[in-house]
Structure formats: structure tokens, C-alpha cells
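# Descriptive analysis of the structure
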Amino acid sequence: MAWYVDRVARVLVFAGGISAIVFIVGIFVFITKEGLDFVLGPLSLGEFFTSIAWRPTSNNPTYGALALIVGTASVTGFAMLLSVPLSLGAALFIAEFATGRTRETLKVLVEMLAAIPSVVWGFIGMSIMNPLIIRTFDVPVGLNVLNAGLILGLMAAPIMTTIAEDALKAVPDTYREAAEALGATRWEVIVKVVIPASRNGLLAAVLLGVGRGFGETMAVLMASGHAINLPTSPFDSVRALTATIAAELGDTVKGGAHWGSLFTLGILLFVVTFVINLTADIVVRGIRKK
Amino acid sequence: MVDTAARTTAANGVPGPVYDEPPIIEVRGLSIAYGGKPALQGVNLDIYRHEIFGIIGPANSGKTSFLRALNRMDAFTTGMKVGGAIRINGKDVSDWRNEYALRSRIGVVFPLPVGLPLTVYDNVAFSPRLRGIRKKAQLDEVVERCLTRAALWDEVKDRLDSLGSLLSGGQQQRLTIARALSQEPELLLLDEFSIAVDPVTTMRIEDVLKELRSELTIVLVTNLVQQARRLADRTAFFLMGELVEIGATEDLFEGKVKDKRTTGYIEGRFG
Amino acid sequence: MFTATRLNRRSYRTESVAKAVFCLMTVVLVIPVLLIVGTLVVKGAPAISWEFLFTAPTDNMTAGGIFPALIGTVWLVVVALLASVPVGVAAAVYLSEYAPDNLLTRTINLAIINLAGVPSIVHALFGFGAFVLFFDMGPSILAASLTLAVMTLPVVIVATRESLQAVPQAFREACWNMGATRWQTIRKVVLPNSISGILTGVILEVSRTAGETAPIMFTGATAFVAFLPGGVLDQTMAMSYHLYYIATQATDVPEELTFGVALVLIAIVLAMNAVSIAFRVYLRGLKKW
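Residues numbered from 1 in each chain as written. Chains lettered and ligands numbered in written order. Predicted model: local features only at pLDDT ≥ 70, side-chain atom pairs only at ≥ 80, totals over all residues.

### Regarding the overall build of chain C
Helix and strand counts for chain C come out as 12 helices and 2 strands. Along its sequence from the N terminus, chain C presents helices and strands in the succession α-α-β-β-α-α-α-α-α-α-α-α-α-α. Compactness check: chain C gives a C-alpha radius of gyration of 24 Å against a globular reference of 19 Å for 289 residues, more than 25% above the reference. Dimensions of chain C, computed from the C-alpha atoms along their principal axes, are close to 80 × 65 × 35 Å. When the 289 residues of chain C are sorted by exposure, 55% land in the buried category. For chain C, the share of sequence-separated contacts (at least 6 apart) that also reach a separation of at least 24 residues comes to 77%. (Helix = DSSP H or I, 4+ residues; strand = E, 2+ residues; numbered from the N terminus. Rg over C-alpha atoms; globule rule 2.2 N^0.38 Å. Buried ≥ 20, exposed ≤ 12 C-beta atoms within 10 Å, placed from the backbone. Contact = placed C-beta atoms within 7 Å.)

Below, the structure written as C-alpha cells:
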């Protein structure tokens, strides 16, 4: 009796276990299914990657995604410029310097940062940052690369900080003690021992941060200005891949070319984030092997 | 097969080993390896009913691996491979499709005490409940009897609802023994049980083991040579994954050995 | 003999400077949280009243309250939890208690990382293509909640797996040695000792689910319905989508009202997080072995 219950339970939890694979494959299958007609039909790869003319609703529609790709890249890049040093610095402080209550408080604040919903971030970009940027820099529009980049930087920071801190914590204390016993200061220990030993984990943290920024939708939609444009300065408005889908999907005809083109953007997003996550996983696995 | 000529300890009134019936455990050509590294090789031995069978030997001699194989623990130990045959009551342990039923008839006590994070009462009632005993009165009786035998009842009878995992190390070890007894096992495997227990309690438990011999068969792995001398009817000496010597405990301690490494170990010249 | 050399003093100074710089960076990172919450409270608090919480929006969203959106969010969260918690806990039990170290297990782990990393808008596309169209649920609470469930599944799995693995292996072996099956061991010893950790993860998932916007935009959230949802096949308003809508689509919405909505949303999310954190701290103090 107990033996049969055990068998049944084993099958049920196994089904739960493989559900993650089922869903990730399902996501790929369903977005590919809806995007396939477009990929095989109207899509011209040359136009898609080199033209900035995204005019899916015109009489003579064109589907150039270059401006969207550059838009996403510029916002993510700007965010990383801000976020990578701050996050790694914060991770070092929390893992190596802060102790006791300070440490706990900082960790809670970082968690709170991660908890703020993206639509609230977008709203902050529109209602607080926008007028602030207009006043401070005397520019006509405050919804631009700078605004979205700052917000995205703050949004991507918690995941980078947390994972980087985990990587630093994973360095055995015996390494630190051995170095300190030789007379090294804490700072020398960090530079010469801890950082080299956790290099891969820190790299994975940055990659996952990039993935987070790259895939963010609502905040970028609301704070970037949503204008098709190749930016030349941080004060230019841009449009992101994710935001394009969010803004346009509601107005498309199901099964039409515009519809298919948005799912094709989805395939692109899926593939890129998949590669980023896979790379991060391989990088992390690299440390475990050693 | 048994070279001790059925030497029993009936002198003090306690029934001794039964050497004229088929053995309860038959081990043939047993070899054990972890991830390809051999831990035990070519072991042949028999253990008889109502016997206390001692196993002595230095660290890494394969004593614990031997116990793990008896209980089919290879099923949940990654990398552990068991070759050869172990027959309990004439049936090969690997023929049990339901290995849980096999384990439920074998009580095991390991060196590090494990009090489950359940109440003391639930710890001891765990196994009876698995067997389907639900009646409160019946469970109460089992719990008290087993705790008493494990020399723990007096210390915990007023706090049966405190967590077993928060008892002291020595108490947890006696709780583990009580749990093993609550299985009403045919076979009790003890692996260096006295490591976490103070000497006085060790003596009390040793007395209990002597009494238990009338009900079941005990395999006692011990790092204390004198403990084997006090308790075991026959003793086996394992060294570096090999069964060096097996014989009546008295003979071994009196120097009647086939291999002089046995005497060397017993007299403490290495270990 | 034991006096500091110039070199010692210099490296000591370097260390103080480094510490100060990193401290500053951390502060720069966390200050915005306090600023944001502060601003939302100051600008949104005047809008909050019982009437705001318990009436529907009126006059093209430029007045009235948020009641239907609040109730909608509760519906979405509850249905999403009902779908994701059993699956997520089962997956975690498999990974922690059964899974051998093989290719399949590595693939499952990779899938979980990816499920958490795929952009929310891609989850939205999937939910639309799979639940709304293919399984013909139409835009509905069910479709939106299932999309949210798939998206937040990793949160449950990771939290549950961690708390299962915190139960020492020795307890399992002790049970197995008494003849308990794997499942009996899980049910009687492993799960009871990790249930609070699982709960922490579930609360965290509530917070994530309540705040998500993109996955529900096309799968079940709608800008305005006059009635409360009567079942899982109805469309519904939701707090997050409501904020997006009145901030970007509706016109002439008083600033105070929008800040009020943002304040309520962030209050829900942060309260859930706070509960989860408090729970975790409480658990750490509760030593069971």
C-alpha cells in the first residue's frame, strides 16, 4: 500500500519537475507558431536588421527593427553603465565590510528595490523624473534614454547585487583567513583573493542584470519616450523592442502581418535572453567545476 | 562452518546463539565500491540467530560499508555499488522489490545521533505508525517500553512532547536506539553507537543489548576492542577492505588467531 | 617590533577609502527606494480614503475609486497561486528529493532560470497565443492568471527547493532506515519542517504577481468594467494595469488620483514583501535542530 502511494507520488512530483521544461518549450512553440507566417512571408532579414523604418500600419508596410534594437541597446547600455559599478560596489560592501544590523538593513532595502513593480517605475519616470530632467538639463523632452536608463539601472541593480554577493560569499573563509594571516589588509584580501576567486560569479551577475534590463517592458515603454529614433545623445527619445510589442499588440488584426511581426520581435527577445541565461549558467557552472 | 562448536553463554541463564539452524545472514563474495573505489572485497561470512556478532577494525576498513549494504542503503547513497550476495532469511536483499519492507525489519543505529525534528513521542511512535498501529494505548505502551529499554525513559517521561532533535547528543543517541527497537526488528545493526554516549550510559545500553539477544540478532560494529570482548559471541576483524579473521571472541582475545595482524590490532600495536 | 611601517599605514588608508567608497555606492543604490516611497506617500496620501478604496472609478476614470481594480487583482493573484503553488512545490520536491544528477535535472534547472529570465512581454505573447487563443479561454481572469502562474513559477520552485534542502539529509536517512518510503519521509518529516520556508516563497510570489502588468495586458485585464468579476472567465480590472491606463491612456486624470493608485499598489507589494521578510527573520530565530 505505502509502496504504491510512493510510486504514485514519484510520478506526480516528476510531472511537476518537468513542467518547467514543458513551459519553456511551450513558450517557444507558441510564439513561433504565431510568428511563423510572418517569418516565412513578409519578413526580409536585411530590412529587419538594417532599416529603421518600422511602419507596420502603413499601406506599404515596412518592418525595419534597427531603431528598436538600437533603442533597447542604448537604454540597456546606459543602465549598465550606471548599474554595474554601483551593484558590484554594493555587493562588495554588503559581503565584505558591512556587519550585523547594517548588513541586514541594506539587504532588505535592496530587496525592496527589487519589489517595486515595473509599472510603478514607469510611472515614476513619467511623473517625477520627466519634469526633473526637463528642468535640470533644460531639454524639451524628459522621456528619453537618460530617464529610462536611470530607471532600468535601478531595476537591474538588485539582481546583480544579490547574485554578486552570493558569489563573494561563496569564497571560503579559509582563503581570507590564510591571506590575513600573511598580514594582508582586508582590502588587499578582496583585490588579490576574493575578487579573482569569484570572478565567474560576478560575470554571471552582470549577465543576468543585462538580461533583466533587456527584457524590461512597462518601465521602458513609459519612460523612454517611445519614439522611433537612432539616438545621438542621452536626451533623445527612443523605442524599445519590448515596448513596441506592448504598445501595438492590442491594435493588430489576429493572424495579420503586423501581428506576426510583433511575435517575431518576441522570438528575437526570447532567443537573446535564452542565450544570455545559458551563458550565465555555463559561467557559473565553470566555478563549481573548479 | 562454525568453528566455535556452538559455544553458548547459557551459563548465566540467557539463551545464546543458535548455531545448529541455518544462519539469518549469509554473505557470499560481497564487494562494495564507492564511485569505482573499492571499500570492501570478497567477504564471506554467516551470522546466526540470537548472536551478537562483533566487527572490529581501524578506520576505512569497510565495517560501516558492510552495515550499509545489509540495509540496502546503497539505494540512497550516490556512487555506492554492491556486488556479490547478501541473503537474509535465505532471501537475497536485492530481490526485495519493496526495499522499504526489508528496512522496516532491520533496526539501525549510526555513530552520529539523529533525533528527528518531531516530538520525543512521535520519534518512537514513527515506525509503529508506519506499520499501521493507530490506537493511542498501544502506541503509549510501545513508546514507554522502547524508551525504558534504551535507558532514556526516566529522563524524558515528563517531556515527551518536546522536540527529539533538541535533546542532548547522548539522549538523542538513546532516542535513536529506542526508535530502532520500536521497529521490533529481527536484526539490529549498531555502528559505533557509544561515540556520542557517556561511559555510564554505554554500560547501561550494553546490558540492554545482552538482554535483547534472546529476542533478536545483533551486528555490532565497534571501534572499542573491549566492547566487542564484553558483548560479542563471535567477532570479525576487517582491515583495509578485507575480512582478515573471524572467530569466537574469546579465541581472538586469547591469541588463537590465524593471522597475526589480528592480535596486533587487538593489542593496540596499530589502529 | 610591532610598530606600523609606512607601508602598513598606506594600506590601512587604502582600506578606509575603499570602504567609504563602497558604502557610498550602496547608499546611492538604496536611497532611491526611500525617495520613491516617500514621494508616493506625500503625493498619493491625500487621495486615499475609504471611498477611494471601495468605489468604482467614475467620469472616464478622472474621479472615483479603485474598488474593481483591487478586487480584480485579488482574483488574479488567487487563481495564479492555485495554479502555480501545487506545480511549483511538486517541482521543488522532485528536484530536492528525487532528481539524480543527470542531464534531465540540469535541463530542468536551466528551464527554471530561463522561465525567470524571459521578458514579461514574451510571457504575455505566450499567454495570448496559448491560453487566450489555442485553449480558447478568451481574454479572461483564467488566461491572465495562468500566464502569471507560468511566469512566477520559478519563485515558488526556488524558495521551496531551498527550504527543502535546508532539512538535513540525516533526517531522511533515519526515516528510510526505519523502512519509511521516500514519500512517507517527505510527508512526515521533510515537508512539515520546510512549510514555513515554502510559505515565505508563496508570499513573495503574491507580491510579484500583484505588481505585474505586461503579462495581463492582452490576456485578461481591461481598462474598465462596471461590474465585479463573477467567475474566472470574466475580464477584470487590475491595480497594475489601472495605473498604466490612467497614467498613459486616459486624459485629464488629476495627478493626486494617479499617485493614489500608485501608492496603494506599492503598499500592497511592499507589505507582502515585509511579511515575507519578517517571517524569514522569525524562522531564523526558531531553531528546530
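### A closer look at the overall build of chain A
Of regular secondary structure, chain A possesses 12 helices and 2 strands. Helices and strands in chain A line up, N terminus first, as α-α-β-β-α-α-α-α-α-α-α-α-α-α. Taking the principal axes of the C-alpha coordinates as reference, chain A spans close to 75 × 70 × 35 Å. Across the 290 residues that make up chain A, the buried fraction comes to 50%. For chain A, the proportion of contacts with a sequence separation of at least 24, taken over those separated by at least 6, is 73%.

### Looking at the environment of T242 of chain A
Here T242 of chain A lies in helix α11 (residues 241-248). Sequence separation between T242 of chain A and I69 of chain A is 173 residues, and the spatial gap between their C-alpha atoms is 9.7 Å.

### Considering helix α5 (residues 118-137) of chain A
All names here are of chain A. Of all the bends in α5, the greatest reaches close to 45 degrees and is centred on M129; the proline P131 follows between one and four positions later. Of all the positions in α5, only S118, V119, V120, W121, G122, F123, I124, G125, M129 and I133 are classed as buried. Looking at the residues trailing α5, positive phi occurs at D138, about 55 degrees. (Bend = angle between axes of the 7 residues up to and from the residue.)

### Concerning helix α4 (residues 100-115) of chain A
Between the first and last C-alpha of α4 of chain A there are 23 Å, a value that for 16 residues agrees with the 22 Å anticipated at 1.5 Å per step. Among all positions of α4 of chain A, only L106, L109, V110, M112, A114 and A115 of chain A are buried. (Expected span 1.5 Å × (residues − 1).)

### As for the interface of chain A and chain C
Each partner contributes to the interface: chain A provides 74 residues, whereas chain C provides 70 residues. At 24 residues, helix α1 (residues 2-40) of chain A tops the list of elements feeding residues into the side of chain A that touches chain C.

### A closer look at the interface of chain B and chain C
Taken together, the contact between chain B and chain C spans 18 residues of the former and 15 residues of the latter. Breaking the side of chain B that touches chain C down by element, the ones donating at least two residues are α2 (99-104) and α3 (120-130) of chain B.

### Topic: the confidence of the model for chain C
Detailed reading of the predicted coordinates is not advisable wherever pLDDT is low. Summary statistics for chain C give a mean pLDDT of 90 and a share of 98% for residues scoring 70 or more. Here the predicted complex carries an ipTM of 0.91, next to a pTM of 0.88. (pLDDT = per-residue confidence, 0-100.)

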